[in-house]
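Structural characterization, general
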Amino acid sequence: MGGTCDERKFSFYQAVKQHEPVQMLEDMRYMEIFHWEECSHQRTYTPSEALMYAIVHDHRAYAQYLVNEFSDGAFAMPGENVCCSHSSAPHLALAVHYNRKEIMALILQETSWSYMNRGECEHMDEGRTPLHMACELLHSDAVMLLLASGASPQAEDRDGMTPLDLILEQLRASKVNTRAKMLCLERLLMFKPELRFKMKSSLKNDPEYWSNVLGEETFNYLVGRTPGTLFLLAMQTILAQLPSHEFFKSLDELPVPVFLKPL
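Analysis parameters
- For every chain, the first residue of the written sequence is number 1, and numbering continues from 1 onward in sequence order.
- This being a predicted model, a pLDDT of at least 70 is required before a residue's local features are given, and a value of 80 or more before pairs of side-chain atoms are given or counted; all residues contribute to the totals for chains, interfaces and linings.
- The basis for the side-chain values is all heavy atoms of the structure; hydrogens and waters are excluded.
- UniProt positions are given in the numbering used here, feature names are shortened, and annotations may be inferred rather than shown by experiment.
- Secondary structure elements follow DSSP: runs of H or I no shorter than four residues count as helices, runs of E no shorter than two count as strands, and numbering proceeds from the N terminus.
- A score from 0 to 100, pLDDT tells how confident the predictor is in each residue.
- Note on terminology: disulfide denotes any pair of cysteine sulfur atoms within 2.5 Å.
- For the exposure calls, accessible area comes from a 1.4 Å probe over protein chains only, and a residue counts as buried if that area is under 20% of its type's maximum, exposed if over 50%, partly exposed in between.
- Between the rings of Phe, Tyr and Trp (Trp by its six-membered ring), a pair exists once the centres lie within 6.5 Å; its type follows the angle of the planes, with under 30 degrees stacked, over 60 edge-to-face, and the other angles tilted.
- The rule for a charge over a ring is simple: NZ of Lys or CZ of Arg within 6 Å of the ring centre, and within 35 degrees of the ring normal.
- Residue contacts are defined here by distance: any two heavy atoms, one from each residue, within 4.5 Å place the two residues in contact.
- Expected span of a helix: the number of residues minus one, times 1.5 Å.
- Working definition: the arc comes from the directions between the helix axis and the C-beta atoms, pointing outward to the latter.

**Considerations on the UniProt feature "repeat: ANK" (unreviewed entry) in the protein**
The residues that UniProt annotates with the feature "repeat: ANK" (unreviewed entry) are residues 126–158. Its end C-alpha atoms 6 Å apart, residues 126–158 is made of 48% helix and 0% strand.

**Notes on the confidence of the model for the protein**
Low-confidence regions, as indicated by low pLDDT, have predicted coordinates that should not be scrutinised in detail. Of all residues in the protein, 80% attain a pLDDT of 70 or more, and the chain-wide mean is 84. Across the protein, element-level confidence peaks in helix α10 (residues 163–173) with a mean pLDDT of 97 and bottoms out in helix α7 (residues 113–116) with 62.

**Focus: the state of the cysteines**
Per the stated rule, a full pass over the model turns up zero disulfides. Here Cys135 stays free of any disulfide, with the sulfur of Cys184 as its closest cysteine sulfur at 5.4 Å. Given a relative accessible area of 0%, Cys135 falls into the buried group.

**Considering the packing of aromatic side chains**
Counted according to the given criterion, the structure contains seven aromatic pairs. Between Phe12 and Tyr53, the ring centres sit 6.3 Å apart and the planes meet at 40°, which makes this aromatic pair tilted. Pair noted here: Phe12 is in helix α1 (residues 5–17) and Tyr53 is in helix α3 (residues 47–56), with a separation of 41 residues, a long-range link. Considered together, Phe12 and Tyr53 belong to a single accessibility category, that of buried residues. A centroid spacing of 6.3 Å and a plane angle of 80° characterise the contact between Tyr65 and Phe70, whose relative ring orientation is edge-to-face. Of note, Arg29 hangs over the ring of Tyr30, and the distance from its end group to the ring centre comes to 4.8 Å.

**Some details on the side chain of Asp58**
Tracing the backbone shows Asp58 in the loop between α3 and α4 (60–70). In this structure, Asp58 is in contact with His19, Arg100 and Ile103, ignoring residues within four places of it in sequence.

**A look at helix α15 (residues 230–241)**
A rise of 1.5 Å per residue sets the reference length of α15, with its 12 residues, at 16 Å; its end C-alpha atoms lie 17 Å apart and thus fit the reference within 8%. Along α15, the residues that are buried comprise Leu232, Met235, Gln236 and Leu239. On an axial view of α15, the arc spanned by its buried residues comes to 105°, and they lie on one face. Seen from the open side of α15, the exposed residues pointing more than 90 degrees away from its buried face are Leu230 and Gln241. Structurally, α15 contributes buried residues whose contacts are with α11 (178–190), α14 (216–222) and α16 (247–252).

**Things to note about the environment of Glu110**
Relative to the elements of secondary structure, Glu110 occurs in helix α6 (residues 101–110). When near neighbours in sequence (up to four residues on either side) are disregarded, Glu110 contacts Val67 and Phe75.

**A short note on the environment of Glu208**
Tracing the backbone through its elements, the reader meets Glu208 in helix α13 (residues 207–214). The class for Glu208 is exposed, based on a relative accessible area of 68%. Sequence separation between Glu208 and Phe219 is 11 residues; the distance between their C-alpha atoms is 9.8 Å.

So this is what it looks like as structure tokens:
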């Protein structure tokens, strides 16, 4: 494989982007080891870096292969040349960013709950978890996947903001994508029996605005005036009982609303 280092890196990137067969991609990745010896800064892509490309381009078969074949190595910290390499959970953060639901589910099956509750990219200096990111981007299916896999809805960023606070902030900022915001909020409340969040005082100080935005029942529940609806309390109890490793299989067998079944 001739060409400069940059050309050879681009050829591998393009092959992943075009969803070339897994074996072809692995042959290319290993061939780089032999041909990149003249490149002092990097000789080959690691499984971790290859997985980053698979996530970006939604190459599910390649992502599945890398995770199965290399186990923990696929989730090792990638090199400095890869975007988000300073994140403590870069692969999950990237899957959330691009809303790669199937690959996200694969990552969550293979990692521990502590992995998904780590802060986001350090260079963003906000300390947000992947769940914060999913809420900020209004990726409601990602919100559900993360919550079902054990992500903490009580996690705070460096400003003390929970994922619920981020949704409320967006509801206050504009009326654009209101339905998407409310869907994220509804899913958070299914997994958040403890209502501890920073913006509670804001809700109490402007009840007319927030009751109009959230609806009377949700508003009163969030400010602590009334308990949750019977439906909400029942769903919180049911979802808390489902085993995380078989959550969606168990969920499919229950007579619950379609919006709770993202995959």
